[in-house]
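Structural characterization, general
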Number of protein chains: 2
Amino acid sequence: MKALALTGGVGGAKLALGLAQILSQTELTFLANTGDDFDHLGMHIAPDLDTLVYTLAGISNRSAGWGREDETWSFESTLEQLGGETWFKLGDRDLAVHVHRTYLMRQGASLTEVTLLIAQKFGVAHPILPMSDDPVRTVVNTREGLLSFQRYFVEKQCKPTVLSLRYQGADTAELNPELSLDDFSCVIICPSNPYLSIDPMLAIGGLRDFLASTSIPVVAVTPLVKGAALKGPTAKMMRELGLESNAVTVAEHYKEVVSGFVLDQQDEGLLESVRSLGLEATALQTVMSTLDDRIALARQVLDFCDSI
Amino acid sequence: MKALALTGGVGGAKLALGLAQILSQTELTFLANTGDDFDHLGMHIAPDLDTLVYTLAGISNRSAGWGREDETWSFESTLEQLGGETWFKLGDRDLAVHVHRTYLMRQGASLTEVTLLIAQKFGVAHPILPMSDDPVRTVVNTREGLLSFQRYFVEKQCKPTVLSLRYQGADTAELNPELSLDDFSCVIICPSNPYLSIDPMLAIGGLRDFLASTSIPVVAVTPLVKGAALKGPTAKMMRELGLESNAVTVAEHYKEVVSGFVLDQQDEGLLESVRSLGLEATALQTVMSTLDDRIALARQVLDFCDSI
């Protein structure tokens, strides 16, 4: 067994944590979205990489859904006093990651090298690879104009109506150089926003083609339950893009690149619709409240892969 | 009355605070050493500017002699966990100043503009001008080789034997563009290290010549009492440079640029030696333990200026 898991933000990281409890570091590699990365106050911020590292290290702030536990905010309050940009909240501990990453990258380290180093220092054994070492930036085309992802997501709180999405730089970016796609025996697309977290990866040369043509099982887990996202703007964005916000739409979105699709058990009634797309389908408890939920879903998803 | 005060680190800032209690923002301007500035983790750190701002704002850490009061250290402890460079301690609140300054400077603001903005945000009304907007870097030539100032001062704790000092960039740097030397009616050289804090300023074109030729009173306050510095490496460095570590040596060092020199009252016996250099001299209580001490010395130094 050698699994590759594609993941974005908080939802994806939940399943990632479950998978990491079952598979060893040689059996499981993570490929994480960097389309949300941005330059802020001169620092390279990589929200999805950090969410994954913090989650796997057991130091994420689970109630906030971003940042670290045991965080302090002295930097932020002083920056506010100075009249600095505070729309993107930076905790003191979190800041050390951004400063250290940016410093090492300015000295010539790649994002991959820095991410592996930071993960290792936090005690994370599983390889976490950014989708690319080249900058790919998700740009949201909205009724209010073009917005960089974090401006849309954090500053504007996803309020502007989305017209379309662009993954700037994806056409020239190379897939992570450490990633040997031929090594894997299955691929799992974690329950992340398809348009914001997974599509940026699929837009990078090679990955979509590999997934579309491989004979190994590729399984996606729905980020929607009963037509709604547990967190984040997936459902709202789908409606704005003129799509029906349900799991079948997501399955259809992925149908060229996956062989199997996991619905939530509450959407069992949609199994036949998914199967009619030519996909294997199963319905599982995808809502993960506890660590046990995460492990249970991970195990069932791996079993589903095995069955394909 | 329009006074210009030249100042470096903690000792200078003490008298600066006293002066600021007596003279209004239109009557008093500070010119601060930036020879200690350095680039650290991608940030522009300006220790003497920050010491002065924090001191005048009443938020300096008086027991440590550097940094801020009410500081937290989450950034530092996380950076240590990450294996980052922690020889130069950065508190969480202090860090906001460095990040904000660096960010604004990368956007094109000058060090002067940023310093005035930061000081204003912390409620400091008196103008604080960096000696230059151009980089001047004090390099310490030691038995262990050339060391940048902070490596010598902080990392090596002033232990290497000093052979000589260089002020890299001083020959091409321009004096602060906001500084109109002709506006002032007196100049006070605060009790800072002559070689590390004041000489970098005097090495910049124009200032030494102005002070040497002006008819306004220029008064230096000794940083040495009974041959010893209250803080820092002044006395040790003087001995290593082959100089006698006492106030007369400092007076001689300054004699071309000052018209008067303030000894400590414990060195009253040296008054005649200083006068024999052709300088006006007085002996005052230069050891400043309380705010009242700072104000009292400031008032007496201003009176001494008036008397010249």
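These notes cover the structure that comes with them. Here the residue numbers are simple positions, counted from 1 along each chain's written sequence. Here chains are named by letter from A upward and ligands by number from 1 upward, in the order in which they appear as written. The predicted nature of this model means local features are confined to residues of pLDDT at least 70 and side-chain atom pairs, given and counted, to a pLDDT of 80 or more, with totals for whole chains, interfaces and linings taken over all residues. Excluding hydrogens and water, the side-chain figures rest on all heavy atoms present in the structure.

1. Details of unusual backbone geometry
To be explicit about the condition: Here a helix means four or more residues in a row that DSSP labels H or I, a strand means two or more in a row labelled E, and each is numbered from the N terminus. For every residue, the accessible area obtained with a 1.4 Å probe (protein chains only) is divided by the maximum for its type, and the residue is called buried under 20%, exposed over 50%, and partly exposed between those limits.
Residues other than glycine seldom take positive phi values, yet Leu 41 of chain A does so here, at roughly 55°. Of note, Asp 70 of chain B is a non-glycine position whose phi angle comes to about 50°, a positive value. Structurally, the position occupied by Asp 70 of chain B is in the loop between α2 (47-57) and α3 (74-81). A relative accessible area of 59% places Asp 70 of chain B in the exposed class.

2. Some remarks on the interface of chain B and chain A
How we decide: Only heavy atoms matter for contacts: two residues are in contact if any of them lie within 4.5 Å across the pair. Two parts lose some accessible area (1.4 Å probe) when they are put together, and adding that loss for both gives the buried area. Side-chain atoms alone can form a polar contact between residues adjacent in sequence; in general such a contact is a pair of N or O atoms within 3.5 Å, and within protein one must be able to donate a hydrogen while the other accepts it.
Tallying the contact residues gives 27 residues for chain B and 27 residues for chain A. Approximately 2,400 Å² of surface area, both sides summed, lies buried where chain B meets chain A, with 65% of it carried by carbon and sulfur atoms. One can count seven residue pairs in polar contact (both at pLDDT 80 or more) joining chain B with chain A. Of all the secondary structure elements, the ones that give two or more residues to the side of chain B that touches chain A are α3, α4 (92-106) and α5 (111-121) of chain B. Of the residues forming the side of chain B that touches chain A, the biggest block, nine residues, is contributed by α4 of chain B.

3. Looking at the relation of the copies chain B and chain A
Here is the rule: Each copy is superposed on the other by least squares, with the fit set by C-alpha atoms of residues at a pLDDT of at least 70 in both.
Superposing chain B onto chain A takes a rotation of 180° combined with a translation of 0.0 Å along the rotation axis, leaving an RMSD of 0.0 Å. Overall, the copies show the geometry of a two-fold rotation axis. Residue Asp 92 of chain B, judged by its C-alpha, is the member of chain B lying nearest the rotation axis, at 3.1 Å. Residue by residue, 100% of the interface of chain B is reproduced at the interface of chain A, so both copies engage with the same surface.

4. Some words on the sheet that holds strand β10 (residues 218-221) of chain B
All names here are of chain B. Spelled out, the test is: When DSSP finds two or more bridges between a pair of strands, those strands are recorded as paired. Interaxial angles span 0 to 180 degrees and are taken between N-to-C directions of axes, which are lines fitted to C-alpha atoms, for helices over the stretch in contact.
The strand order across the open sheet formed by seven strands is β5-β2-β1-β9-β10-β13-β14, and the pairing between neighbours is parallel. Because the sheet does not close on itself, it has two edges, and the strands there are β5 (128-130) and β14 (280-284). This sheet shows a mean twist of 20° between the axes of neighbouring strands, independent of strand direction. As judged from the three bridges shared by strand β9 (residues 186-189) and β10, these two strands associate in the parallel manner. Counted as the bridge partner of Val 187 is Val 218 from β10. On the sheet, helix α1 (residues 10-22) packs against β1 (3-7), β2 (28-32), β9 and β10 and is oriented at approximately 165° with respect to β2. Seen against the sheet, helix α12 (residues 291-307) touches β9, β10, β13 (260-264) and β14 and runs at an angle of roughly 160° to β14.

5. Regarding helix α2 (residues 47-57) of chain A
Judged by how many residues are buried, α2 of chain A sits mostly within the fold: ten of eleven residues are covered. Residue Gly 58 of chain A follows α2 of chain A closely and has a positive phi angle near 75°.

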